[in-house]
Amino acid sequence: MPLDHRFPAGFLWGAATSAYQIEGEPLADGAGPSIWHRFTHTPGATESGDTGDLACDHYRRSESDVGLMADLGLTAYRFSIGWGRVLPTGRGAVNHAGLAFYDRLVDRLLERKIAPVVTLYHWDLPAALDDLGGWLNRDIAGWFADYAALVTRRLGDRVALWATINEPWVASDAGYLHGTHAPGHASVAEAPLASHNLLRAHGAGLQAIRAEGGRQAGLVVNLEPKVPATDGQADLDATRRADAYMNRQFLDPVFLGSYPAEMSEIYGAAWPVFPEADFALISQPLDFLGINYYTRGVMRNDPDELPLRASKVRQDGALHTTLDWEVCPAALTEVLAWVSSRYGPVPLYITENGAAFEDPPETGAALLPDPLRVQYLEDHLRAAGEALRLGVDLRGYFAWSLLDNFEWGEGYSKRFGLYHVNFATQQRTPKASARFYADVIASHGEVLSAGR
């Protein structure tokens, strides 16, 4: 990054969370259970049987948590709405107490001059809708649109950015193909249906947000640049399939109006023929695209890994997180530039970026050292700056995550937070990465140009 580099005026400096991962009290004040509430209460589904019943107790502590955001100097905060907290059965009767929680949260953010960035779906589908088929039922696009309209009517005059769906690839791959996430299905036939209905719901949600006067609206996807382990044709083909499956499957329909040709190659007879009219719904123009970036994939041909017939090759010389994800900042620049090149000049936000490392035990110190996370943030923010230098229209960066939280199937065993959370006492303690990120924000990136 050039020594005189500054991030653009108006660049959003944020942190991100999601409802089930931090709120706790998933059934409080009339809320309905989600598929994650059901899944985590299934023996053996999560690490140590952990659930989100308490999580970070954000439902009771949101006011003080907004204070932590202000301490960092955040200019934006990305959070998700619990669908079942506002619509206990996913449709019909409104839970006004649940909607009021988000109303208060938005006002508290604005009081601290923090722009609210709302994600409508971060994987916590109401269990009552799952009983009706969930993401396998085509009616879900309409259910989601009704939910989006309700929330936009209540919050739309104060929300800066709306994201319809977070990471549809994870919802489909982990929830319907491999069964490691809620609702716990493992079906080659179901996964493409779930993926398609997630995209249909995104399109219907965009229409609803705009009809209710919502401001900027878009989609959030997790992307991984895929590179071949060797230059052999089998590995090249495997890499092409992996890229189509994880990346282009959810971007080509939105921007180009069709699925990649490799999808039928991957799924074979299980790949459906979708109505042409669906793509008009899916491919409405976005106001922005959110990109969640954590790692890349070095791919090899693997006939036993079905249906993709490709698997990752661990790069043993590289640093890895506790989730065994390779740390590769240069791939963030690569993926941002690739999106801009392939899909045109859509405004981009890095809506999640962060790392789980082994943090030191609490000692009572006012600041917990986490040097690996500090270095991770520095390197990835420099990579974001390089994308800007290359001409990418990057509008903001959201660190994942504000708090250590419930990390889905990993329970509480993996910590991503800028703030350490003692889950027994709910004490929040800033890590060195929080101070570093606050310095970046205060200097508008100048600390990155100067080096440390």
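For the structure, check the block above.
Computed from a predicted structure; not experimentally measured.

Notes on the overall build of the protein
Broken down by element type, the protein carries 16 helices and 13 strands. If one aligns the C-alpha atoms of the protein with their principal axes, the spans along those axes are about 60 × 55 × 45 Å. Considering the protein as a whole, with its 452 residues, one finds that 62% of them fall into the buried category. Within the protein, contacts between residues separated by at least 24 positions form 77% of all contacts whose residues are at least 6 apart in sequence.

Remarks on unusual backbone geometry
Cis peptide bonds are those with omega within 30 degrees of zero, and the linkage from alanine 182 to proline 183 qualifies with 10°. Tracing the backbone through its elements, the reader meets proline 183 in the loop between helix H8 (168-177) and helix H9 (190-211). The omega torsion of the bond from tryptophan 400 to serine 401 falls at 10°, within 30 degrees of zero and hence cis. Topologically, serine 401 is positioned in the loop between strand S11 (394-400) and strand S12 (419-421). Residues other than glycine seldom take positive phi values, yet alanine 55 does so here, at roughly 50°. Tracing the backbone shows alanine 55 in the loop between helix H2 (35-40) and helix H3 (58-72). Alanine 55 sits in the buried class, given a relative accessible area of 2%. At aspartate 57, a position not held by glycine, the phi torsion is positive, near 55°. Assignment of secondary structure puts aspartate 57 in the loop between H2 and H3. A relative accessible area of 10% means that aspartate 57 is categorised as buried.

A look at helix H15 (residues 432-443)
In this model, H15 (12 residues) spans 17 Å end to end at C-alpha, consistent with the 16 Å of a helix rising 1.5 Å per residue. Those residues of H15 lying buried are Ser433, Ala434, Phe436, Tyr437, Ala438, Val440, Ile441 and Ser443. Histidine 444 lies just past H15 and shows a positive phi near 55°.

Remarks on the pattern of salt bridges
Under the definition given, this model contains 38 salt bridges. Among the ionic pairs, arginine 78 bridges to glutamate 352, the shortest N-O distance being 3.1 Å. Taken together, the residues arginine 78 in strand S2 (residues 76-80) and glutamate 352 in strand S10 (residues 348-353) connect sequence positions 274 residues apart. Neither arginine 78 nor glutamate 352 differs from the other in exposure class; each is buried. One salt bridge connects arginine 241 with glutamate 265, and the closest N-O pair in it is separated by 3.8 Å. Here glutamate 265 lies in helix H11 (residues 262-267) and arginine 241 lies in helix H10 (residues 233-255), a separation of 24 residues in the sequence. According to the relative accessible area criterion, glutamate 265 is partly exposed, its value standing at 33%. Where salt bridges share partners, they join Asp237, Arg240, Arg241, Asp243, Arg248, Glu262 and Glu265 into one cluster.

Quick look at the sheet that holds strand S4 (residues 161-166)
Ordered in space as S1-S2-S3-S4-S5-S7-S10-S11, the eight strands form a closed barrel in which the pairing is parallel. On average, each strand axis in the sheet is inclined to that of its neighbour by 25°, with strand direction left out of account. As paired elements, S4 and strand S5 (residues 216-222) share four bridges and run parallel to each other. Bridged to leucine 161 within S5 is glutamine 216. Running at roughly 155° to S5, H10 makes contact with S5 and strand S7 (288-292) of the sheet.

Quick look at the packing of H8 against H9
Two quantities define a packed helix pair, namely the angle between the axes and the distance from one axis to the other. Their axes nearest at 9 Å, the elements H8 and H9 cross at an angle of 150°. One element, H8, and the other, H9, form an angle in the roughly antiparallel class. The two elements H8 and H9 cross, and the hand of that crossing is right-handed. Contacts between H8 and H9 involve Pro168, Ala171, Ser172, Tyr176 and Leu177 from the former and Glu190, Ala191, Ala194, Ser195 and Leu198 from the latter.

Section: the sheet that holds strand S6 (residues 226-228)
Spatial ordering of the open sheet is given by S6-S8-S9, a layout of three strands whose pairing is mixed. Of all the strands in the sheet, just S6 and strand S9 (310-312) have a single pairing partner and so form its edges. Sheet twist, expressed as the mean angle between neighbouring strand axes with direction ignored, is 45°. Sheet topology note: the strand S8 (residues 297-301)/S9 ladder contains three bridges and is antiparallel. Considered in S9, the bridge of asparagine 301 is made with alanine 310.

Quick look at the side chain of serine 195
Along the polypeptide, serine 195 turns up in helix H9. The class of serine 195 is buried, set by a relative accessible area of 2%. At a separation of 3.3 Å, a polar atom in the side chain of serine 195 contacts the side chain of glutamine 249. Apart from the residues lying within four places of it in its own chain, the contact partners of serine 195 are Ser172, Gln249 and Phe250.

Some details on the packing of H8 against H10
Viewed as axis vectors pointing N to C, H8 and H10 meet at an angle of 125°, and their least axial separation amounts to 9 Å. Taken together, the axis directions place H8 and H10 in an arrangement best described as oblique. Where H8 crosses over H10, the two elements pack in a sense that is right-handed. Of the residues in H10, those in contact with Pro168, Trp169, Asp173 and Leu177 of H8 are Tyr245, Met246, Gln249 and Phe250.

A closer look at the pairing of S7
Of all the five residues making up S7, five are buried; the element is thus mostly covered by neighbouring parts of the structure. Covered by surrounding structure in S7 are Phe288, Gly290 and Asn292 together with Leu289 and Ile291, the residues of both alternating faces. Bridging between S5 and S7 involves five bridges; their strand directions are parallel. Across the sheet, the residue bridging to asparagine 222 is asparagine 292, located in S7. With four bridges connecting them, S7 and S10 associate as parallel partners. By the bridge assignment for S10, glycine 290 is matched with tyrosine 349.

Basis of the calculations
Residues numbered from 1 in each chain as written. Predicted model: local features only at pLDDT ≥ 70, side-chain atom pairs only at ≥ 80, totals over all residues. Heavy atoms only, no water. Helix = DSSP H or I, 4+ residues; strand = E, 2+ residues; numbered from the N terminus. Buried < 20%, exposed > 50% of the residue type's maximum accessible area, 1.4 Å probe, protein only. Contact = heavy atoms within 4.5 Å. Expected span 1.5 Å × (residues − 1). Salt bridge = Lys/Arg side-chain N within 4 Å of Asp/Glu carboxyl O. Pairing = 2+ DSSP bridges. Axes fitted to C-alpha atoms, helices over the stretch in contact; angles between N-to-C directions. Parallel < 35°, antiparallel > 145°, perpendicular 65-115°, else oblique. Left-handed = near helix turned anticlockwise from the far one by under 90°. Polar contact = N/O pair within 3.5 Å; in protein donor to acceptor, adjacent residues only side chain to side chain.

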